[in-house]
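One-letter residues, chain by chain:
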Amino acid sequence: RAQVIGIGGGGGNAVNRMVDNFDTSVEFWAVNTDAQVLTQSRAHNKLTIGDQVTRGLGAGGSAEIGEEAALESKDAIRE
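Definitions and limits used
Residues numbered from 1 in each chain as written. Predicted model: local features only at pLDDT ≥ 70, side-chain atom pairs only at ≥ 80, totals over all residues. Heavy atoms only, no water. Helix = DSSP H or I, 4+ residues; strand = E, 2+ residues; numbered from the N terminus. Rg over C-alpha atoms; globule rule 2.2 N^0.38 Å. Contact = heavy atoms within 4.5 Å. Areas by Shrake-Rupley, 256 points an atom, 1.4 Å probe, with all protein chains shown as cover. Lys, Arg positive; Asp, Glu negative; His and termini not counted. Charge placed at Lys NZ, Arg CZ, Asp CG, Glu CD. Expected span 1.5 Å × (residues − 1). Buried < 20%, exposed > 50% of the residue type's maximum accessible area, 1.4 Å probe, protein only. Arc of directions from axis to C-beta. Pairing = 2+ DSSP bridges. Axes fitted to C-alpha atoms, helices over the stretch in contact; angles between N-to-C directions. Polar contact = N/O pair within 3.5 Å; in protein donor to acceptor, adjacent residues only side chain to side chain. Salt bridge = Lys/Arg side-chain N within 4 Å of Asp/Glu carboxyl O.

Trainee: Any chance you could break down the overall build of the protein chain for me, citing the residues and the numbers?
Mentor: For the protein chain, the helix and strand inventory stands at five helices and three strands. Here the C-alpha atoms of the protein chain give a radius of gyration of 12 Å, agreeing with the 12 Å that 2.2 N^0.38 yields for 79 residues. Projecting the C-alpha coordinates of the protein chain onto the three principal axes gives extents of approximately 35 × 20 × 20 Å. Considering only contacts in the protein chain between residues 6 or more positions apart, those separated by 24 or more positions represent 32%. For the protein chain, the computed accessible surface area is about 5300 Å², with 49% contributed by carbon and sulfur atoms. Side-chain charges of the protein chain comprise 7 positive and 11 negative groups, with the mean position of each set lying 5 Å from the other.

So, in C-alpha cells, the structure goes:
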C-alpha cells in the first residue's frame, strides 16, 4: 500500500488535494506542529509533532523550530 505524507502547511495542502483525487488504496498522512490546522485536514491519519516546543500552535514557518519539533516527536514519527 502506498503512503503519502504531507508535512507542514504546504504538505498538508497537497495531501488535501490528493485525498480528493486518488483512490482509497493510498494511505494519506498529515504531519504538522499546528494542531488546529490538522483538524481541518482531509487525511485519515494525522500526527501533531512538537507539543512541548510549540504547544500545538505551530512553528510559524521556522525551519529550526520544525526541526526541534521533529526531534521531540521522533518516536511518534517512527511508529
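There's plenty left to go through after this.
Trainee: Report on helix α1 (residues 8–21), specifying residues and quantitative values.
Mentor: Over its 14 residues, α1 extends 20 Å from the first C-alpha to the last, a length consistent with the 20 Å expected when each residue adds 1.5 Å. Among the residues of α1, G11, G12, V15 and N16 are the ones counted as buried. Taken around the axis of α1, the buried residues stretch over an arc of 145°, which confines them to a single face. Residues G10, R17, D20 and N21 are exposed on α1 and point more than 90 degrees away from its buried face. Turning to α1, the residues buried within the fold contact β1 (2–7) and β2 (26–32).

Trainee: Tell me about the sheet that holds β2, residues and numbers included.
Mentor: If you trace the three strands from one edge of the open sheet to the other, you get β1-β2-β3, paired in parallel fashion. Both edges of this open sheet fall to β1 and β3 (45–48), since each of them pairs with a single strand only. The average undirected angle you get between the axes of adjacent strands in this sheet is 20°.

Trainee: Any chance you could break down the environment of E64 for me, citing the residues and the numbers?
Mentor: The topology assignment puts E64 in helix α4 (residues 63–72). The exposure class assigned to E64 is exposed, which follows from its relative accessible area of 54%. Of note is the side chain of E64, whose polar atom sits 3.3 Å from the side chain of S62.

Trainee: Go over the pattern of salt bridges, please, and point to the residues and values.
Mentor: One pass over the structure, following the stated rule, counts two salt bridges. D20 serves as the salt-bridge partner of R42, at 2.9 Å between the closest nitrogen and oxygen. Here R42 is found in the loop between α2 (35–39) and β3, whereas its partner D20 is found in helix α1, with 22 residues between them in sequence. Given a relative accessible area of 40%, R42 falls into the partly exposed group.

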